[in-house]
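Coordinates in review
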Amino acid sequence: MQLAVLRVLARSPLPGILVSAGLVIAAATGVGEQFPKSFHENAEVSLVAVPVTVTAPDGTPIRGLTASDFELSDEGVRQSIEALDVVDLRRFREVGEPPWAVPGAARRHFLILFDQSYASPNAMRRARDAAARLVGEGMEPEDLAAVATVSVETGARLLMTFTADRRQLVNAIRSIGLAAPADRTRDPLAFSFPQRVETSADAIVPMPSDQMMTQKTFDDFAVGRVEQHLAAMGSLAAALEEVAGQKTIVYFSEGFDGRLLVGDSAVADNEAMVRGQYWTVDVDRRFANAPLMEKLTETLALFRRSDCNIYPIDIAGLRAGATEQLEISHRGEEALQMIAKGTGGEVVRNPNDLDRALEHIRASTLLTYVLSFRPSRSRGEGRYHRLKVRLKKGGGRVSGRAGYYETRGFSSFSPLQRALAAADVITHERQTGGFPMTVLVVPLQAGALCRVPVLIQIPGEELLDKASNGTMRLGFYVYAVSEKGEVGDFFTRSVTLDLGRDAARLREGLLRYRGELRLLPGRYRIRTLARDEDHGRSAFQAVSLQVAEPEKDGGLRSSPPLFLAGAAGGITLRDAPGQSEASAEPFEIAGEAFVPEVDPALIVGRPARLCLLLSSPAAEPNLQIQAVIVGLDGRQWAPGNLVVVGRTAPDPTGLWKIVLEFEPTALPAGGYRLAITLRDPTGAAPAIVREASFRLLSRP
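To start, this report covers the structure provided alongside it. Treat the numbers as computed from the prediction; the structure is a model and nothing was measured. (Residues numbered from 1 in each chain as written. Predicted model: local features only at pLDDT ≥ 70, side-chain atom pairs only at ≥ 80, totals over all residues. Heavy atoms only, no water.)

Within the sequence span of helix α3 (residues 166-174), burial applies to Q168, L169, N171, A172 and I173. Its side-chain oxygen placed 3.3 Å from the backbone nitrogen of R167, D165 serves as the N-cap of α3. (Buried < 20%, exposed > 50% of the residue type's maximum accessible area, 1.4 Å probe, protein only. Helix = DSSP H or I, 4+ residues; strand = E, 2+ residues; numbered from the N terminus. Polar contact = N/O pair within 3.5 Å; in protein donor to acceptor, adjacent residues only side chain to side chain.)

So this is what it looks like as C-alpha cells:
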C-alpha cells in the first residue's frame, strides 16, 4: 500500500563530470550540530532584537558603547534593554571566523533590483554590467546579495535569494531582459539559478508612444502603470520583512515621470490661460496627484518597516543626446529622489559612482549593536510596532530598524514571503524549534564526484501534535554550501501525507526521508530545513562535511558503522534511484533496502545489527574485525557476542557490505561510542578505525 505521495519540486543540475567506477567510502559522517549565536530573534517569543549602527559625522562607526548609552521606545513607551551584543565585522575577519558564523542581523544584505517597467534595453544592459561588477568586486565575504526584478507586467520576481554565491548571482544578473524558458530544475527558494545564453531578444516592454493617443489619455495610462508598479514594489517590501537585518536595495531604474506626482506648470499652459483658452489646459497635470502620492508614501513606508534603504541607480544618467532625452532623464530622476529620500538612501546618478556609494555603506556598518528587549505590551497578531532608538548623550548618528511586526499567521504569508522566510533560516542557520529532527550524512566518494546520501528523521507523534484532519504537506530543503558560500548541490522535495491512512503508523515511529547530493571535494555545510507547509512549523539542522580528494592508493575504505533501523512503525520514503544508479544502491542488502538509524537507541541484552560499507583493492579481503564500547569518560568495554552475520559481493561500482551483530554490554544507561577496527591480515593496507555513537537504555 502506498503510504505517501512524493512530489519532486526541484533537483539541481549536476556539473558535467564523469564518475569513475571505483567507489571510495569517506571516513566521516555528520550528525546535526548546534551552533550558538550571540543573539537571536524568534517571532514566537516576546524577545525582540534591534540591530543599530552608530556613526560619527565622518561616517566611521563609534565603538565602546554600552546598554546604558541607549534609550529605546516601543510605540512611544520607554523599554528596558535586557541585553546588548556587539558584532564587529573587523574582529570576525581578524580571528578568521567563517562568513556564516557572523550573526544574520549584522550581515549586510544587498538586494539588486532591476526595474523593467522604466528602463530602455540599452540602459538595462549597462545596469547588468554595473550589477555584475558590484557582485564580483564590491562585496565582502560575509555580505549577502539577492537579485529581483519588478515590472507592471510580471510584478515582483525573486531570481536569487540572499546568498554569498557570487557565481549564481552573476548568472541571475546576466539573465535580466532575456527570454525565460521553463526550467523544471528551478530552485523554489532561489538559491540556485540556471545559466542562460544571451539572445538579441529583450523582454522589456516599452511605454506606449504619445503619438498613439492624446496627452491626457497617455497620462491616465501612465498613472495606472505607476500605480501597478508601486503595488508590485509594495509586495516585495512586505516580503522582505521575513529577512533579518538591514537591507540595502540597489535599484537600477530610469524612474517614472515625476510630473505625474507633482504636477506640471508648463509655460504653454500659462499662456493659454492668459489668452482665455482654458479648454486646452489639463488641470489634473498642473497640480500634484494626491492619490498617486499617497500610494508612493504607503509603498515607501513598507520598505522602511522592513528595514530597507533604497539607493536608486539612475541608469539614464550616462545618456548623451537630444534635449528631450535629457528632460525625460530629469523627470525620472525626480521620482528616484523621492524614493531615496523616503527610505534613507541616496540617488547615484552614474553607475560608475556605485562603488563610492557602497563603500560608504560598508564603512558605516562594520560595527553593529544589537539591543534586546521584551515589549511591555502587545497590540495584537500581525500589528506593527514603531521603534525609536537614540543615544542619551548624543554625539553620533543612530540608524536602525523602524519597527517590527508581532507574530503573524503563516497562512497569511504570500508565496514570496514563504520562500524568503525559509531561505533566511537556511542562510543564517537559525534554530526554529517547531519539532525535533535529526540528520545523518554519509559521504560515498566515487571518483571526482562524491555521492552523499542524506537521511532525515522526524518523530511522527511530533508531526501529528498540531496537525489538522485530512492531509499534511511537508517540505524538505537540503543545500550543500561551500566555505565560499557557493551552493555545491541541493534537492527540495514535497511530501503529502494522508493522515486518515498514515496517522497510526506515524504515531508508532518515525517519518524518515532519504535524498542524495553529489559534491566535489571540499568543505561543506549541509543545511537541512523541514517545514509544515500548512502551519509553518519547521526544524533546521546544519552538518559540517569534508569531502576528501579521491584516494589513489586504492587502500581499504569503510563507512562508519550504520545501525539498522527497526522495521516496526513509522514511514520511510526515499528518492527512486536513476537507471545508472540502480546497481549501486548503498542502503540495500540482498535486494532488501535498509534504513540507517540516525540516533540509535540500544537496549541492554537485546542484539543490535549494523552495516559497514566498504571498498578495497581485493574484492573480498579476509578482514580482522575488533570492536570496543567507549564511555563518555573514556573507559572501554568489550561488546558481547560480536559476530559477522553476512557479507555481500561487490556491486559494479566496487561497493560491498558487511553486516555485524552484537549485544550491548550491561552498562549504565547513557551515551556511548562503538569503535570498530578493521585490519587486512596481509598488511597490504593500514588498519582503520570507524566509530558511531549510540544511546544505551536499561529497558524499552
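This part is about unusual backbone geometry. Phi is positive for E75, which is not a glycine, with a value near 55°. Take E75: it is sitting in the loop between β5 (70-74) and β6 (77-79). Classification of E75 as buried rests on a relative accessible area of 15%. A positive phi angle is found at D307, which is not glycine, with a value near 65°. By relative accessible area, which is 10% here, D307 ends up buried.

Between helix α2 (residues 121-137) and α3, the shortest axis-to-axis distance is 9 Å and the interhelical angle comes to 175°. Relative to α3, the element α2 lies roughly antiparallel. Of the residues in α3, those in contact with R128, D129, A131, A132 and V135 of α2 are R166, L169, V170, I173 and R174. Residues belonging to the contact of α2 with α3 are distributed by class as follows: six nonpolar, no polar and four charged. (Axes fitted to C-alpha atoms, helices over the stretch in contact; angles between N-to-C directions. Parallel < 35°, antiparallel > 145°, perpendicular 65-115°, else oblique. Contact = heavy atoms within 4.5 Å. Nonpolar A, V, L, I, M, F, W, Y, C, P; charged D, E, K, R; others polar.)

The next thing to look at is the sheet that holds β6. Across a sheet, strands are paired by hydrogen bonds formed along the backbone, either parallel or antiparallel in direction. The sheet built from four strands is open, its strands ordered β6-β5-β14-β16 with antiparallel pairing. For this open sheet the edge positions go to β6 and β16 (403-405), each flanked by a neighbour on one side alone. Strand after strand, the sheet turns through a mean of 30° between neighbouring axes, direction not considered. As judged from the three bridges shared by strand β14 (residues 384-391) and β16, these two strands associate in the antiparallel manner. (Pairing = 2+ DSSP bridges.)

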